[in-house]
Amino acid sequence: MTQALFRHADGVLPNTLALAITVTGWPLGIWLLGQPNAALNLAGVLLVTLTLTWSAYFIHEFAHQAIFRTPQANERWGVFMSWINGSCYARFADLRRKHMRHHIERADVITFDVQGFLRAHPLVRRTVLALEWLYVPAVEFVMRGYVIALPFIDARKRDARGRVVGVAVVRLTAWGLLAWWSLKALALYALAYLLFVHLLRFADCFQHTYDAYPILDDKPIPQDKLRDRAYEQANTYSDVVGLDAKWLNLVWLNFGFHNAHHERPVAPWYSLPRLHRDLYGDTSTQVVTVGELLRAYHRHRVTRVLAKDYGAVLPPGTPRRADGFIGAVGVSFLTAV
């Protein structure tokens, strides 16, 4: 019976365990945040950060219908996960549609031209750049704010106003209840959420050198170059901790094996390390490890906000190979409408 629920027979155990950890670990982590013991608080921050991260990457899995056998089950669980991590202001169907364009058109099709917005508003730009220098992922919160504001500033999305207001009431009530129970828990949850956003944006930052197009509707991207499978693989990078770092790669639910994911988008998360080795062996030029990228993530944290391209990745074996990899910003699959 259980096997009939899942798309892949070998996914019963890993999916059940990972989903159980996500669904139960999130409230457990919140409970730990409010305890008087500092060690329990630290454990709570780490657990909330992990389960928020997994909930986001499970949305990605459900968008590809890689977990459950039926589209309906994948959508229900995708909606559920969006309520955990706060991406529920956008409909799951919209998140999925935008992400599928990323795969089909081989580009970063984003909702909001955040660079254009920042260039047009100097005070906002200076504030965002200052926050980014302080390691506050301000661009990501601007994108999330835009998702909430869009139904009230664009008539094409006005039918979502009631839904956005309803979601806001529920989430603000939940935040209020958390503050009533423990102000410390509220502050630590905010810290965990910041860490969660950093984990997502680190992965998003270095996985592609695609062109980015701010498109709200279904208008196609410009046909200005050949975007075939060779282009896709050449402009996709696998930002893993290490090919053999089994447990650490799970922090991103194996999302770092991104070339393998793009080669077979319906391959589930637990199969990606093996698939990567089957496809590329141990010598792929597209693998750039987290250790190489941390310096670039820090060094270009302000530059990438307004950068016109993603920079260059030097050939393997080059000292400081990733130093010039500026990376992307504001391309999260959680901020589509």
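Residues numbered from 1 in each chain as written. Predicted model: local features only at pLDDT ≥ 70, side-chain atom pairs only at ≥ 80, totals over all residues. Heavy atoms only, no water.

Draft legend 1. Spotlight on the overall build of the chain. When helices and strands are counted, the chain shows 16 helices and two strands. Oriented by its inertia axes, the alpha-carbon framework of the chain measures out at about 55 × 55 × 40 Å. Every one of the 337 residues in the chain was classed for burial, and the buried ones make up 52%. Within the chain, counting contacts between residues at least 6 apart in sequence, those at least 24 apart form 72% of the total. (Helix = DSSP H or I, 4+ residues; strand = E, 2+ residues; numbered from the N terminus. Buried < 20%, exposed > 50% of the residue type's maximum accessible area, 1.4 Å probe, protein only. Contact = heavy atoms within 4.5 Å.)

Draft legend 2. Inspection of the packing of helix H3 (residues 38-63) against helix H5 (residues 92-105) at higher detail. The geometry of H3 relative to H5 is characterised by a closest axis approach of 10 Å and an angle of 75 degrees between their N-to-C directions. In terms of their interaxial angle, H3 and H5 are classed as roughly perpendicular. In this structure, H3 uses Ile 59, His 60, Phe 62 and Ala 63 to contact H5, whose residues at the interface are Phe 92, Leu 95, Arg 96, His 99 and Met 100. Of the residues in the contact of H3 with H5, the class split is six nonpolar, two polar and one charged. (Axes fitted to C-alpha atoms, helices over the stretch in contact; angles between N-to-C directions. Parallel < 35°, antiparallel > 145°, perpendicular 65-115°, else oblique. Nonpolar A, V, L, I, M, F, W, Y, C, P; charged D, E, K, R; others polar.)

Draft legend 3. Structural context of the environment of Val 165. Position of Val 165 relative to the elements: it lies in helix H9 (residues 161-181). As a C-alpha pair, Val 165 and Tyr 89 span 76 residues in sequence and 8.9 Å in three-dimensional space.

Draft legend 4. Representation of the side chain of Thr 22 in the model. In this fold, Thr 22 is placed in helix H2 (residues 12-33). According to the relative accessible area criterion, Thr 22 is buried, its value standing at 0%. Excluding anything up to four places from it in sequence, Thr 22 contacts Thr 51, Trp 54, Ser 55, Phe 58 and Met 81.

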